[in-house]
Amino acid sequence: MDRILMHSSRRSRPLISRPGQLRAMHAKRPVERRAILKDGREVISRQLRLNDAGLTDQDARSLGEFLDRTPFLCASSAMCSHLVGAAKSRDWALRDIVGSAIAPGHDVLVAEVDGKIEGMCTYMPVDEFGVNEALLMKARLVQAEVCVSTILVATRRIGIGTELKGAQMQSADNAGYKAIMGKTAASNVAMIGLTLKLGGIVDTEVEPANPYTLVPLQGVEL
Ligand SMILES: CC(C)(COP(=O)(O)OP(=O)(O)OC[C@H]1O[C@@H](n2cnc3c(N)ncnc32)[C@H](O)[C@@H]1OP(=O)(O)O)[C@@H](O)C(=O)NCCC(=O)NCCS
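Procedures and definitions
Residues numbered from 1 in each chain as written. Predicted model: local features only at pLDDT ≥ 70, side-chain atom pairs only at ≥ 80, totals over all residues. Helix = DSSP H or I, 4+ residues; strand = E, 2+ residues; numbered from the N terminus. Buried ≥ 20, exposed ≤ 12 C-beta atoms within 10 Å, placed from the backbone. Core = buried A, V, L, I, M, F, W, Y, C linked by C-beta atoms within 7 Å. Contact = placed C-beta atoms within 7 Å. Expected span 1.5 Å × (residues − 1). Pairing = 2+ DSSP bridges. Arc of directions from axis to C-beta.

1. A short note on unusual backbone geometry
Excluding glycine, most residues fall at negative phi; most peptide bonds, likewise, are trans. Unlike most non-glycine residues, arginine 140 shows phi in positive territory, near 55 degrees. Examined against the element boundaries, arginine 140 turns out to sit in the loop between helix H5 (133–138) and strand S8 (146–153). Arginine 140 gets classed as exposed once you count the C-beta atoms within 10 Å, which come to 12. Phi angles above zero are rare outside glycine, and arginine 157 is one such case at about 70 degrees. By the element assignment, arginine 157 lies in the loop between S8 and helix H6 (160–174). C-beta crowding within 10 Å serves as the criterion here: with 10 such atoms nearby, arginine 157 is assigned to the exposed category.

Next up, the structure:
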């Protein structure tokens, strides 16, 4: 296949009352990767760190600072709009991010450089987003085998996106997915370049102005 395709009445007590309980039920295999960036600094790509209250204090501070440095509209649209419709506030966005970090079939990964979060990506099951069926058929995949993802990097073109995406691919592979789907603007040369670099394909057939991307996971050939 070409790399670029042209073509209740009685309220019962909740079973789960704290994030810690949910996490214990759906423990995810930890992902943490280290690499050296083009500028010589080390990047750590990992899942968000959680405790019973939600995010650890350090990750809450660092994520808040990341959202401050990246324009909020950009952060909310790139990271959260698929989770909440249109993210209405920072608190709402953060709650969604924590929810994604906990929920089975979802994950949130961040790239940390010099102790600061410089990038974040999420993935989720396709049934909560919508999917390009034609692309799935071409790739001989079914919906349940594919997740949908977003990614946002603050300091670009030094390799953070590649590393973060690598960690996301490892987490999605651990979760049992076979490929990661995304959707981007045809003008987004960075996302299209990143997809192709990772062995993925870009489908310009269904929506030429907003192509879908598909990145295969371990052992899958597109
Ligand atoms: C897409 C994005 C995550 C890439 O992150 P990044 O850290 O800059 O990516 P990297 O430095 O690892 O680059 C990976 C590859 O992408 C391609 N690439 C990245 N930026 C590019 C650019 N401006 N022009 C052309 N190709 C580019 C290159 O192929 C690059 O590989 P190379 O460095 O070996 O040439 C980043 O640009 C971003 O956050 N964009 C805004 C949010 C967004 O568009 N998200 C995707 C839609 S959900």
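Having seen the model, we can carry on.
2. A look at the environment of isoleucine 201
Within the fold, isoleucine 201 resides in strand S10 (residues 201–203). For the pair formed by isoleucine 201 and leucine 135, sequence separation is 66 residues and the distance between their alpha carbons is 9.6 Å.

3. Describing the nonpolar core
Grouped together as the largest cluster of nonpolar side chains are 24 residues, with contacts concentrated most on Val108, Leu109, Val110, Ala111, Met120 and Leu164. Put simply, the parts of the chain that give this core at least two residues each are helix H2 (57–69), helix H4 (90–102), strand S6 (107–113), strand S7 (116–125), S8 and H6. For this core, the element with the highest residue contribution is S6, accounting for five residues. For valine 110, the contacting residues outside a window of four places in its chain are Arg46, Leu48, Ile117, Gly119 and Met120. Judged by nonpolar contacts, the second largest core, of 20 residues, contains Tyr123, Tyr177, Val202 and Leu217.

4. Examining H4
Taking 1.5 Å of rise per residue, the 13 residues of H4 would be expected to cover 18 Å, and the 19 Å separating its terminal C-alpha atoms lies within 8% of that figure. Of the residues making up H4, those classed as buried are Ala93, Asp96, Ile97, Val98, Ser100 and Ala101.

5. With respect to the pairing of S7
Within a regular strand, the side chains alternate between the two sheet faces. In terms of residue burial, S7 counts as a mostly covered element, since seven of its 10 residues are buried. Pairing geometry for S6 and S7, over seven bridges, is antiparallel. Bridge assignment links glutamate 112 to a residue of S7, and that residue is isoleucine 117. Counting the residues between successive antiparallel strands, the hairpin from S6 to S7 contains two residues, one of them, aspartate 114, with a positive phi of roughly 50 degrees. The pairing of S7 with S8 spans seven bridges and is antiparallel. Among the inter-strand pairings, cysteine 121 is bridged to a residue of S8, identified as isoleucine 151.

6. Details of H2
In this model H2 runs 18 Å from its N-terminal to its C-terminal C-alpha over 13 residues, within 8% of the 18 Å that 1.5 Å per residue would give. What H2 keeps buried is the set Asp59, Ser62, Leu63, Phe66 and Leu67. With its buried residues spanning 140 degrees around the axis, H2 presents them on a single face. In H2, those exposed residues whose orientation departs by more than 90 degrees from the buried face are Asp57, Gln58 and Asp68.

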